[in-house]
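Per-entry structural report
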Amino acid sequence: MKLSSWEALKQYREDTKDEVSLLNPESTKIILAVGEATCGIAAGSKKIAAVLQEESKKMGLDNVEIIPTGCYGCCYAEPMVEVRIPGQAPVHYGYVNEEAAKKIIAEHIVKGIIVDKNVLRVEVTST
Amino acid sequence: MSVSQVRIALRNCGVINPENIKDYIARGGYDAMAKCLFAMSQDEVIDIIKKSGLRGRGGAGFPTGIKWETARRAQSDVKYVLCNADEGDPGAFMDRSVLEGDPHAVLEAMAICGYAIGAREGVIYVRAEYPLAVKRLQIAIEQATELGLFGENILGSGFSFTMRLYFGAGAFVCGEETSLMNSVQGGRGEPRLKPPFPANVGLWNKPTNINNVETYANVPTIIRNGADWYRGFGTEKSPGTKVFAVVGKVNKVGLVEVPMGTTLRDIIEGIAGGIPNGKRFKAAQTGGPSGGCIPAEHLDTPIDYESLIALGSMMGSGGMIVMDEDDCMVGIAKFYLTFTAEESCGKCTPCRVGNMRLLETLTRITDGHGVEEDLTSLENLGATIKDTALCGLGQSSPNPILSTLHYFKDEYLAHVREHRCPAGTCQKLVRYRITDKCVGCTVCARNCPVSCISGDRKQKHSIDQSRCIKCGVCFSKCRFGAIVKG
Ligand SMILES: Cc1cc2nc3c(=O)[nH]c(=O)nc-3n(C[C@H](O)[C@H](O)[C@H](O)COP(=O)(O)O)c2cc1C
């Protein structure tokens, strides 16, 4: 499909609102963004993404979507996972190993308990 | 200490899914391009970039708006927009991260530039060693073209722009813009004299605008939010933010984007979490092989293009390598010279031969055969190479030597006068000694590959210096901290 005007671009933005992986208060979708830039992949993030996928399936969660994202700047703390639950502040996790990934699903996603040990606080003003 | 980062170039990195154009569009993507095509004249676009004060992030800090204006004024039916994604500085990965995390930002900016200067084709020169960046760029180009955001008659505006990738084979000199263009044309990656500048005589001898990845990544936000907004960050002469790849002896290795004018201390001790293992900070290397080492006494300097040059270094593309007391500054200078001597294309004599001579002198010093006159000859030859080399590679390659000689002369003197390496890293100069902490456990003696450590059980051991090969095995095996080097 070719967009044929600026209006069409704006309309496309509106129409695809529910398909994007950004935090969306109106959606019921939970997004797990896994750092898959070179730094993340080198630290094993592909494996972590697979574990998150597997665990969500095991728990019967069908509203969880796992997406790759770029480098958030914290290469030291890769693999990183950002949890985006509609209506809640996003949570950045760092140093996510398989055990932590399982906990993120079992504790944070299922029970709503944040996995404190892996929370990463980064002060960033986004533009 | 808490220092907040401001993300402009990295605004989408780690936020969007870079392989899904819908994410980019949801964040306002391609609105800047549409705004230019439908609501701004070519001159208005250039004017906003000029007013924003955006300067090139690839090294020299040339004002981007003026570059675009020159290319716009150049008369030609064919013009090109080039993106320099060669990123050759050791330890730097800002551009790779932008391309891997937000490829559309760069593509959108190139189309904006194409509209502004009157070009219909964009070429991204990206190193083949960045396979993931290449893959994400390819996906991005495909998805954007499919939506009619590139190609013929974009969004029905009448403006057409196509995008192409060209893969570099990893030669550092190909990051230099004229070499880069030779390389795209299938020629040797060798530079030529400037002027004429690429804006007038560029790719295939046509007017060409070439900018760095990060420079482009700033453009869409500037168009959307305006020049005054952008000037709200950074300093008068260096507006906006800069991305640094902070590596080496810091607790938090990674990417940092801060307003220009932030101090080195805020970056290194604040955001990057300071030096590990309680060691002391010694120097920060900025500007890659063209830059220099900044010592502790200048940690509070607000960083911008001019202040770094005043300190004998430069901004470069944003690599920042932090060193602690265990790093030998002569060794660091030698590391960079080894790099530049190898990467010199050989076209001009000062760079081809001069850098080799500098490297030989440094090697003599780190091998323990240096004399004090060597330091003067490093200075003289370094200055000559800077004055006479053909391109930026040679014109800046002596900087790592000159800046370390300036700030860390004592270390050079220890090497040439006492044949001693104070940091204990120059292998040929290092001396291992066993101190009174030795309990006579015999581990060192049993592990020494040349059996040059002797001593009775439960008695202090000693090393026969004449036979020691300085491998460091004893040092790492000792569990009592009884062996020292220096
Ligand atoms: C030896 C050498 C290597 C360079 N490598 C790069 C590079 O890897 N990336 C880059 O953007 N600019 C590099 N430059 C600077 C480019 O020649 C050019 O100035 C830059 O791409 C212009 O873009 P800007 O104005 O956006 O900074 C290099 C220059 C020299 C002399």
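Residues numbered from 1 in each chain as written. Chains lettered and ligands numbered in written order. Predicted model: local features only at pLDDT ≥ 70, side-chain atom pairs only at ≥ 80, totals over all residues. Heavy atoms only, no water.

1. Thoughts on the overall build of chain A
Spelled out, the test is: Counting from the N terminus, the helices are DSSP H or I runs at least four residues long and the strands are E runs at least two residues long. Throughout, exposure labels follow a simple rule: accessible area from a 1.4 Å probe, protein chains only, divided by the maximum for the residue type, with under 20% read as buried, over 50% as exposed, and the rest as partly exposed. Contacts: residue pairs with any heavy atoms within 4.5 Å of one another. When charges are counted, Lys and Arg are positive and Asp and Glu negative, with His and the chain ends excluded. Throughout, a charge is located at the NZ atom of Lys, the CZ atom of Arg, the CG atom of Asp or the CD atom of Glu.
Tallying secondary structure elements over chain A gives four helices and five strands in all. In chain A, the succession of α and β elements from N to C terminus is α-β-α-α-β-β-β-α-β. Here chain A holds 127 residues, and the buried ones make up 50% of them. Nonlocal contacts in chain A, meaning residues at least 24 apart in sequence, comprise 62% of its contacts between residues at least 6 apart. Within chain A, one finds 15 positive and 18 negative side-chain charges whose respective centroids are separated by 3 Å.

2. Brief notes about the site of the ligand
Residues and elements named next belong to chain B. As a reminder of what qualifies: Definition of nearness: a residue and a molecule or strand are near each other if at least one heavy atom of the residue lies within 4 Å of the molecule or strand. Within 3.5 Å is the distance limit for a polar contact, defined as a pair of N or O atoms, with the added protein rule that one can donate a hydrogen and the other accept it, and that residues adjacent in sequence qualify only through two side-chain atoms. Residue exposure ignores everything except the shown protein chains as possible cover, and the areas themselves are Shrake-Rupley values with a 1.4 Å probe.
Around the ligand lies a shell of 19 residues, among which G58, K67, N211, N212 and T215 are the nearest. Between a nitrogen atom of the ligand and a main-chain N or O atom of G175, the distance comes to 3.2 Å. Here N211 contributes a side-chain N or O atom positioned 2.9 Å from an oxygen atom of the ligand. In isolation the ligand exposes 610 Å². Once the protein is present, 90% of that is buried. Mapped by element, the contributors of at least two residues to the shell around the ligand are strand 5 (208-212) and helix 16 (392-396). Element by element, the count of residues in the shell around the ligand is highest for strand 5, at three residues.

3. Here we look at empty space enclosed by the protein
Residue and element names in this part refer to chain B. Rules: Whether a set of points on the 1 Å grid over the protein atoms alone is a cavity depends on a 1.4 Å probe fitting there but being unable to get out, while an open set qualifies as a pocket with protein on both sides within 12 Å along at least five of seven lines; lining residues are those with an atom within 4 Å of a point. Grid points are joined across faces, edges and corners, and a volume is the space filled by probe spheres set on the points. Charged residues are taken to be Asp, Glu, Lys and Arg, nonpolar residues to be Ala, Val, Leu, Ile, Met, Phe, Trp, Tyr, Cys and Pro, and polar residues to be all remaining types, Gly included.
Under the defined criterion, the tally for this structure stands at five cavities of 30 Å³ or more. Empty space within the largest cavity amounts to approximately 90 Å³. Along the wall of the largest cavity there are 13 residues; nearest its centre are C438, C441, C444, C478 and A482. Looking at side-chain class alone, the lining of the largest cavity contains 10 nonpolar, two polar and one charged residues. Considering the residues around the second largest cavity, the lining is formed by 14 residues, among which C448, C452, C468, C471 and C474 are closest to the centre. Partitioning the lining of the second largest cavity into residue classes produces 12 nonpolar, one polar and one charged.

4. Side note on the packing of aromatic side chains
Quick note on the threshold: Ring pairs shown here join Phe, Tyr and Trp side chains whose ring centres sit within 6.5 Å, with only the six-membered ring taken for Trp; geometry is labelled stacked below 30 degrees between planes, edge-to-face above 60, and tilted in between. In this analysis the charged atom, NZ for Lys or CZ for Arg, is taken to sit over a ring once it is within 6 Å of the ring centre and within 35 degrees of the ring normal.
In total, this model carries 12 aromatic pairs over all chains according to the counting rule given. Where Y125(B) meets Y166(B), the ring centres are 5.7 Å apart and the plane angle is 15°; that geometry is what we call stacked. Remark: Y166(B) occurs in strand 4 (residues 162-168) and Y125(B) occurs in strand 3 (residues 121-127); sequence separation between them is 41 residues. For Y125(B), a relative accessible area of 1% puts it in the buried group. Among the aromatic side chains, those forming a connected cluster through ring pairs are Y24(B), Y30(B) and F150(B). Sitting over the face of the ring of Y72(A), R7(B) holds its NZ or CZ atom 4.9 Å from the ring centroid. In this arrangement the basic side chain of K242(B) is found over the ring face of F244(B), its NZ or CZ atom lying 5.8 Å from the centre.

5. Some points on the sheet that holds strand 3 of chain B
Strand pairing in a sheet takes place through backbone hydrogen bonds and is either antiparallel or parallel in direction. All names here are of chain B. Convention followed: When DSSP finds two or more bridges between a pair of strands, those strands are recorded as paired. Working convention: axes come from line fits to C-alpha atoms, limited for helices to the stretch in contact. Angles between N-to-C directions cover 0 to 180 degrees.
Taken in spatial order, the four strands line up as 4-3-2-5 in an open sheet, and their pairing is parallel. Because the sheet does not close on itself, it has two edges, and the strands there are strand 4 and strand 5. Direction aside, the axes of adjacent strands within the sheet are offset by 20° on average. With seven bridges connecting them, strand 3 and strand 4 associate as parallel partners. Each residue of the ladder has a partner; that of V126, found in strand 4, is F167. Lying on the sheet, helix 6 (residues 103-117) is in contact with strand 2 (80-85), strand 3, strand 4 and strand 5; it crosses strand 2 at an angle near 150°. Across the sheet, helix 7 (residues 131-146) touches strand 3 and strand 4, and the angle it forms with strand 4 is around 165°.

6. A few points about the side chain of T286(B)
Residue and element names in this part refer to chain B. Structurally, the position occupied by T286 is in strand 8 (residues 281-286). On the basis of relative accessibility, which here comes to 0%, the residue T286 falls in the buried class. From its side chain, T286 meets the backbone oxygen of M314 in a polar contact 2.9 Å long. Discounting chain neighbours no more than four positions away, the residues touching T286 are G291, G292, I294, L308, S313, M314, G319 and M320.

7. A word on the layout of surface pockets
Roughly 270 Å³ of volume is contained in the second largest pocket. Lining the second largest pocket we find 15 residues, and of these Y72(A), E82(A), H92(A), S126(A) and V15(B) sit closest to its centre. Broken down by class, the residue content of the lining of the second largest pocket amounts to eight nonpolar, two polar and five charged.

8. Some words on the domain arrangement of chain B
Accessible area lost when the parts come together is the quantity often used to give the size of an interface. All names here are of chain B. Put simply, the rule is: What fixes the domain bounds is an automatic or database domain assignment. Criterion for a salt bridge: a side-chain nitrogen of Lys or Arg within 4 Å of a carboxyl oxygen of Asp or Glu.
What the domain assignment reports for chain B is domain 1 (21-231), domain 2 (241-324), domain 3 (329-417) and domain 4 (430-485). If you look at the interface, domain 1 gives 18 residues, while domain 2 gives 20 residues. Between the two partners, domain 1 and domain 2, sit two salt bridges. When the shortest N-O distance is used, the salt bridge between K242 and E214 registers 2.6 Å. Counting every contact that joins domain 1 to domain 2 gives eight residue pairs in polar contact (both at pLDDT 80 or more). Counting residues per element, the ones that place at least two in the side of domain 1 that touches domain 2 are helix 5 (94-101) and helix 9 (213-225).

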